[in-house]
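As a plain string of letters, each chain reads:
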Amino acid sequence: MAASSGGKKLLPEPSKGTSAASAHSSILRKSSSEKPVTEATGSGSKSSRNEDLHSVLVTSVLNLERLDLDLYSNEHSNRCTFTGTHHWVPRSRMLFGGQIVGQALVAAAMSVSENIYAHSLHCYFVRAGDPKVPVLYQVDRIRDGKSFSVRSVKAIQHGNPILICQSSFQRKMESPIHHQFTMPVVPSPNELLTQEELIQKYLRDPALTEKYKVGLTKLLAEEVPIEIKPINPPEYYRRVALESKQHFWVRARGYIGEGNMKLHCCVAAYISDYSFLRTALLPHFQYKVKFMASLDHSMWFHAPFRSDEWMLYECESPWAGSCRGLVQGRLWKQDGVLAVSCAQEGVFYVKPSAAESKL
Ligand SMILES: CCCCCCCCCCCCCC(=O)SCCNC(=O)CCNC(=O)[C@H](O)C(C)(C)COP(=O)(O)OP(=O)(O)OC[C@H]1O[C@@H](n2cnc3c(N)ncnc32)[C@H](O)[C@@H]1OP(=O)(O)O
């Protein structure tokens, strides 16, 4: 893992005690001998994507600045004219949880050696992120074992932690013990509309009320760096109880390329939190959300994958109660390999919503 200082490649993070030059580190590199991901990699299977259109998740959102040994900031790399400091902020006006988790994993990954890879992470969101200021990421090197390394990262704003994230990395190992569930059978991505195309379709409905028109237009205008193709999307205005399950194809917008598994895990951390928690609300159409936020987020990385290629996100919520809801997710590659498992609890404060139709 290397960071760069003004184009000169720094070696992998110096071990503790070495004085660290303040440096602007570019996104996770495959290795100090290889081209950085932010330059065209293009190696391996050519993506059918426009390779010049690098994913903003790579060039910006997950590109941290190294301030000192094991201390990073997202200030300069996230600068975005629209929001000033952060690329995309949900309408809740709290920093998007997926952004903080993805950036925390980038910081942790910068402190481990080249040949070990994230296999799990567990986070708590302890304060809402402030979209008006950058985030500092402080890495604590808990242990480096023979096969596993463990890191603890604190995301800090205004001097207080907003997220605490433990992550574990493992060197590649083979084993005769292997099994996985079977991937659900669903329509393939090219048979489906994107979320934007679906919203355009709804907006063409002449019977649409002004309220829905405004909400959908706002959603359409958001700069979410993720492409989504919902499967069997509920008619957003249908007021019926749905099963607490949803499936959608998902991928990073833009090109990332082969090879940098650490980076793909960080992008998947970002992606995994989008539209995840709402799975727990699908059966409860008769309530309006007054406040909603993720409390924690866990991920297990099982097999190599490409976060800039379509993956099936299978989401379900087995339980909700006491103002909380649990959601569980599985990210499947198109070849049926189970790549990532996720879990998250969220807090919901709701009130009965006035019965109304879309008409
Ligand atoms: C079509 C598809 C669309 C898809 C859209 C996808 C969107 C994607 C984006 C979605 C992203 C989603 C996922 C994400 O990314 S959310 C972002 C990641 N998560 C966070 O940032 C959470 C961080 N943690 C915290 O903020 C605190 O720890 C919390 C808040 C969780 C607890 O901390 P604390 O214990 O101190 O607070 P509280 O729970 O007592 O209160 C919290 C607030 O609630 C009000 N309250 C309390 N009790 C009730 C009650 N009974 N009835 C009504 N209201 C009640 C209370 O007044 C307070 O409001 P305010 O006083 O602060 O105003």
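Cut-off values and rules
Residues numbered from 1 in each chain as written. Predicted model: local features only at pLDDT ≥ 70, side-chain atom pairs only at ≥ 80, totals over all residues. Heavy atoms only, no water. Helix = DSSP H or I, 4+ residues; strand = E, 2+ residues; numbered from the N terminus. Buried < 20%, exposed > 50% of the residue type's maximum accessible area, 1.4 Å probe, protein only. Contact = heavy atoms within 4.5 Å. Areas by Shrake-Rupley, 256 points an atom, 1.4 Å probe, with all protein chains shown as cover. Near = heavy atom within 4 Å. Polar contact = N/O pair within 3.5 Å; in protein donor to acceptor, adjacent residues only side chain to side chain. Nonpolar A, V, L, I, M, F, W, Y, C, P; charged D, E, K, R; others polar. Domains from an automatic or database assignment. Buried area = accessible area lost by both parts, 1.4 Å probe. Salt bridge = Lys/Arg side-chain N within 4 Å of Asp/Glu carboxyl O. UniProt positions renumbered as here; feature names shortened; annotations may be inferred. Arc of directions from axis to C-beta. Pairing = 2+ DSSP bridges. Phe/Tyr/Trp six-rings, centres within 6.5 Å; stacked < 30°, edge-to-face > 60°.

## Things to note about the overall build of the protein chain
- The helix and strand tally for the protein chain stands at six helices and 15 strands.
- Within the protein chain, the proportion of its 359 residues that are buried is 51%.
- A fraction of 73% describes how many contacts in the protein chain between residues 6 or more apart in sequence connect residues 24 or more apart.
- About 16900 Å² of surface is accessible on the protein chain, with carbon and sulfur atoms providing 55% of the total.

## Here's the deal with the site of the ligand
- In the vicinity of the ligand, 22 residues are found, and the nearest of them are Gly97, Phe125, Val126, Ser294 and Tyr349.
- Within the backbone of Val126, one N or O atom sits 3.2 Å away from an oxygen atom of the ligand.
- In the model, an oxygen atom of the ligand is placed 3.4 Å from a nitrogen or oxygen of the Ala128 main chain.
- About the coverage of the ligand: the protein hides 58% of its 1300 Å² of free accessible area.
- Among the elements that line the shell around the ligand, the one with the most residues is strand β11 (residues 287-294), at four residues.
- When its residues are assigned to classes, the shell around the ligand shows 14 nonpolar, four polar and four charged.
- No fewer than three residues from each of domain 1 (56-171) and domain 2 (195-352) sit in the shell around the ligand.

## Digging into the domain arrangement of the protein chain
- By the assigned domains, the protein chain splits into domain 1 (56-171) and domain 2 (195-352).
- Here domain 1 and domain 2 have C-alpha centroids that lie 21 Å from each other.
- The partner domain 2 presents 30 residues to the 32 residues of domain 1 that form the contact.
- A combined buried area of about 2700 Å² lies between domain 1 and domain 2, and 69% of that area is made up of carbon and sulfur atoms.
- Contact with domain 2 buries area across many residues of domain 1, yet Leu57, Trp88 and Arg91 alone supply 23% of it, more than any other trio.
- Where domain 1 packs against domain 2, one counts zero salt bridges.
- Counting every contact that joins domain 1 to domain 2 gives eleven residue pairs in polar contact (both at pLDDT 80 or more).
- Sorting the residues of the side of domain 1 that touches domain 2 by element identifies α1 (56-61), α3 (97-109) and β5 (116-125) as the ones contributing at least two each.

## Structural notes on the UniProt feature "domain: Acyl-CoA thioesterase-like N-terminal HotDog" (unreviewed entry) in the protein chain
- Mapped onto this numbering, the UniProt entry gives "domain: Acyl-CoA thioesterase-like N-terminal HotDog" (unreviewed entry) at residues 87-169.
- Secondary structure across residues 87-169 divides into 16% helix and 47% strand, with the first and last C-alpha atoms of the span separated by 28 Å.

## Topic: unusual backbone geometry
- A positive phi angle, close to 60°, is found at Asp70, a residue other than glycine.
- If you check the backbone angles, Cys323 has positive phi at about 70° while not being a glycine.
- Secondary-structure assignment places Cys323 in the loop between β13 (311-321) and β14 (324-333).

## Details of helix α4 (residues 195-203)
- Taken residue by residue, α4 has Leu198, Ile199 and Tyr202 as its buried positions. Projected down its long axis, α4 shows its buried positions confined to an angular sector of 95°, all on one face.
- Buried residues along α4 sit in contact with α5 (210-221) and β9 (226-231).

## Concerning the UniProt feature "domain: Acyl-CoA thioesterase 2 C-terminal" (unreviewed entry) in the protein chain
- Listed under "domain: Acyl-CoA thioesterase 2 C-terminal" (unreviewed entry) in the UniProt record, and renumbered for this structure, are residues 243-347.
- Helix makes up 11% of residues 243-347 and strand 50%, with an end-to-end C-alpha separation of 19 Å.

## Focus: the pairing of strand β12 (residues 296-301)
- For β12, the buried fraction is high: five of the six residues fall into the buried class.
- Note: β5 against β12, five bridges, orientation antiparallel. Counted as the bridge partner of Tyr124 is Asp296 from β12.
- Pairing geometry for β12 and strand β15 (residues 338-352), over four bridges, is antiparallel. Following the sheet pairing, Ser298 is matched in β15 by Ala343.

## Re the packing of aromatic side chains
- All told, the structure shown has seven aromatic pairs when counted by the stated rule.
- Through successive ring pairs, a cluster of aromatic residues spans Trp88, Phe96, Tyr270 and Tyr274.

## A closer look at the pattern of salt bridges
- For the structure on display, the rule yields 13 salt bridges.
- With a closest N to O distance of 2.6 Å, Glu196 and Arg253 form a salt bridge. In this pair, Glu196 is assigned in helix α4 and Arg253 in the loop between β10 (245-252) and α6 (261-272), connecting sequence segments 57 residues apart.
- In this structure Glu196 comes out as partly exposed when scored by relative accessible area, which is 27%.
- According to the relative accessible area criterion, Arg253 is partly exposed, its value standing at 28%.
- Where Glu314 meets Arg330, a salt bridge forms, and the shortest distance between an N and an O atom there is 3.1 Å. Taken together, the positions of Glu314 in strand β13 and Arg330 in strand β14 put the pair 16 residues apart, joining distant regions of the chain. As far as the burial class goes, Glu314 and Arg330 line up, both buried.

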